Amino acid sequence: MDTKKLRQKILDLAIRGKLVPQDPNDEPASVLLERIRAEKERLIAEGKIKRPKKSKASSASSHYPQFEIPDSWESRTADNVTYHFI
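Residues numbered from 1 in each chain as written. Predicted model: local features only at pLDDT ≥ 70, side-chain atom pairs only at ≥ 80, totals over all residues. Heavy atoms only, no water.

(A) Up close: the overall build of the chain. Scanning the chain from N- to C-terminus turns up two helices and zero strands. Here the chain, with 86 residues, has 10% of them falling under the buried criterion. Across the chain, every contact between residues at least 6 apart in sequence was considered, and the portion connecting residues at least 24 apart equals 75%. Approximately 7,500 Å² of the chain is accessible, and the part contributed by carbon and sulfur atoms is 56%. (Helix = DSSP H or I, 4+ residues; strand = E, 2+ residues; numbered from the N terminus. Buried < 20%, exposed > 50% of the residue type's maximum accessible area, 1.4 Å probe, protein only. Contact = heavy atoms within 4.5 Å. Areas by Shrake-Rupley, 256 points an atom, 1.4 Å probe, with all protein chains shown as cover.)

(B) Molecular detail of helix α2 (residues 29-45). With 17 residues, α2 should cover 24 Å at 1.5 Å per step; its first-to-last C-alpha distance of 24 Å lies within 8% of that length. Remark: Gly47 follows α2 within two positions and exhibits a positive phi of approximately 75°. (Expected span 1.5 Å × (residues − 1).)

(C) Representation of the environment of Arg16 within the structure. Here Arg16 shows up in the loop between α1 (3-15) and α2. For Arg16, a relative accessible area of 27% gives the class partly exposed. A C-alpha to C-alpha distance of 7.3 Å links Arg16 and Phe67, two positions 51 residues apart in sequence. Aside from chain neighbours lying at most four places away, what touches Arg16 is Phe67, Glu68, Ile69, Pro70 and Trp73.

(D) Fine view of α1. The terminal C-alpha atoms of α1, which comprises 13 residues, lie 18 Å apart, in line with the 18 Å expected from a rise of 1.5 Å per residue. Two to three positions downstream of the cap, the backbone nitrogen of Lys4 sits 3.1 Å from a side-chain oxygen, assigning the N-cap of α1 to Asp2. Looking one or two residues past α1, Gly17 carries a phi angle of roughly 75°, positive in sign. (Polar contact = N/O pair within 3.5 Å; in protein donor to acceptor, adjacent residues only side chain to side chain.)

(E) Representation of the environment of Trp73 within the structure. When you line up the elements, Trp73 lands in the segment after α2. When the C-alpha atoms of Trp73 and Ala29 are compared, they prove to be 5.1 Å apart, with 44 residues separating the residues in sequence. With residues near it in sequence (within four places) discarded, Trp73 still touches Ala14, Ile15, Arg16, Gly17, Gln22 and Ala29.

(F) Representation of a nonpolar patch on the surface within the structure. Together, Met1, Leu6, Ile10, Leu19 and Val20 give the surface a local cluster of nonpolar side chains, amounting to about 520 Å² of exposed area. Position of Met1 among the secondary structure elements: in the segment before α1. A relative accessible area of 78% places Met1 in the exposed class. (Patch = residues over 30% accessible without salt bridge, like charges linked within 9 Å, V, L, I, M, F, W, Y side chains within 5 Å. Salt bridge = Lys/Arg side-chain N within 4 Å of Asp/Glu carboxyl O.)

Here you go:
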């Protein structure tokens, strides 16, 4: 197997959550995403970051093929988990 194919296979396994065993004690992604949302709202209220503009793209899933991910994972765009500082 050449380097390019090996790299692609490793990336494929990683994004599907199959590169390493999943720890059932890890909190679900939904809990982490809720903490991120609450922190962003707090920073917006304090005037430290701007509210992100609405994305025109319908969703990330429209650009990428669908595949199974572990139950504790969620698919989100980068805007859902990043801050835009003033």
